[in-house]
Amino acid sequence: MKRSCIKVLKKKGEQLRRLLLEMNLLDNSARISSEGNYLLLPLTRKPEEAELNELPEVFELTEHEFKEQKGQLKLEDLLDNVPHFEVVGDIALIEDDVAEPEKVAHAIIKVKKNVKTVLAATSPVEGEFRTRRFKTVAGEERTSTIHKEYGARYHIDLERAYFTPRLATERSRILEQVKEGQTVVDMFAGVGPYSIMIARKSPDIRVVAIDKNPDAVEFLRFNTELNSVSNVEAIEGDANIEAERFAGIADHVIMNLPHNAKEFLDAAIRLCNENAIIHYYDITPEEDLFDSSLKLIEEAAMRAGRRMETIDTRIVRSYAPHQLNVCIEVKVI
Ligand code: SAM
């Protein structure tokens, strides 16, 4: 089995192996191999640039033909159909309509040693605060955990505040665009995954993180301390109102409130200094992925006597049949 892998001196291997395991990057189905003084650690996928930056600079990224790890229990050994599930910290999330949920949950706990609880969502992401309800299918009865992403840690209660690990790659893409000395306004910050990741890049970056959900802001504040960042201003409030006092400060405005971000465009434009970039997320139909949203942003810019240039339009992930989560990036001049 050919895999991307990390080649590292044996004496540094154990440290790197643990780090890759924490980052969900180590492929346990392949057997770790060696070459002279080096260990070859198999990866589940090619790491993102931001993930590579989290690793100590002592390795080489390469490819290798690995032997299968015999005796390693896999979900396929226990289940005829392995359903899609996500892992947040030590909690696995399955959908409510999964067949034989208890069997699936116990199999996940048996195979995934880092999973202590399996929850099934009993509601969609809903309401102004974009939260969900869950029931415990197996393991410890709780909805809170500590999730690790790109070397940062987030304390989260999945019923009290929104969080998805599925945006990790997207977040790292934004991170790469933010430069030292810049100011970022995260209008819908949640528990802080964009804000804290950006703040960790450099103490010379100022982050203003707003959220209306008091519980999300409580976690956001806790998480800034957990990650020892002091350059995040956590603000509980309505982004439309709070934006007033930060007019003209932003080099980047992050608008991660798909479905409703359009209601905050005037405030977002007001936040922008000259040449600021708005990162606008939306859920759009296949037949009109970007055009209508771009028009709304352009109209908001014109209302403020500003101009905009489109920098990038991309699909982030699929959301529902024929509906996609997209990101539009525009420069406000
Ligand atoms: N950016 C975070 C993330 O990636 O995990 C959270 C995104 S979540 C989709 C949207 C967030 O917007 C929720 O935390 C919700 O509480 C917050 N929100 C909803 N309406 C808001 C408003 N009027 N002003 C500020 N935040 C709001």
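What counts, and where the lines are drawn
- Residues numbered from 1 in each chain as written.
- Predicted model: local features only at pLDDT ≥ 70, side-chain atom pairs only at ≥ 80, totals over all residues.
- Heavy atoms only, no water.
- Helix = DSSP H or I, 4+ residues; strand = E, 2+ residues; numbered from the N terminus.
- Buried < 20%, exposed > 50% of the residue type's maximum accessible area, 1.4 Å probe, protein only.
- Phe/Tyr/Trp six-rings, centres within 6.5 Å; stacked < 30°, edge-to-face > 60°.
- Lys NZ or Arg CZ within 6 Å of the ring centre and 35° of its normal.
- Pairing = 2+ DSSP bridges.
- Axes fitted to C-alpha atoms, helices over the stretch in contact; angles between N-to-C directions.

1. Thoughts on unusual backbone geometry
Most peptide bonds take the trans configuration, and most residues that are not glycine carry a negative phi.
Thought 1: In this structure, E100 takes a positive phi of about 50 degrees despite not being glycine.
Thought 2: With respect to the helices and strands, the residue E100 is situated in the loop between β6 (91-94) and α4 (101-111).
Thought 3: What makes E100 exposed here is its relative accessible area of 52%.
Thought 4: Unusually for a residue other than glycine, H322 sits at a positive phi of about 65 degrees.
Thought 5: With respect to the helices and strands, the residue H322 is situated in the loop between β16 (308-320) and β17 (323-332).

2. Focus on the packing of aromatic side chains
Thought 1: Per the stated rule, a full pass over the model turns up 3 aromatic pairs.
Thought 2: On the basis of an interplanar angle of 80 degrees and a centroid distance of 4.9 Å, the ring pair of F188 and F264 is categorised as edge-to-face. Placement of the pair is F188 in the loop between β11 (183-186) and α6 (193-201) and F264 in the loop between β14 (250-255) and α9 (265-271), with a sequence separation of 76 residues. Each member of the pair, F188 as well as F264, carries the same accessibility label: buried.
Thought 3: The ring of Y38 has K7 lying over it, and the distance from NZ or CZ to the ring centre is 5.1 Å.
Thought 4: Above the face of the Y194 ring, R171 is positioned so that its terminal group lies 5.6 Å from the ring centre.

3. Structural notes on the sheet that holds β16
Thought 1: One open sheet holds the 7 strands; their spatial order is β13-β12-β11-β14-β15-β17-β16, and the pairing between them is mixed. If you trace the sheet from one side to the other, it starts and ends with β13 (232-236) and β16, each paired once. Direction aside, neighbouring strands of the sheet carry axes that sit 15 degrees apart on average.
Thought 2: Inspection of the sheet shows β11 paired to strand β12 (residues 206-211) by 4 bridges, in the parallel sense.

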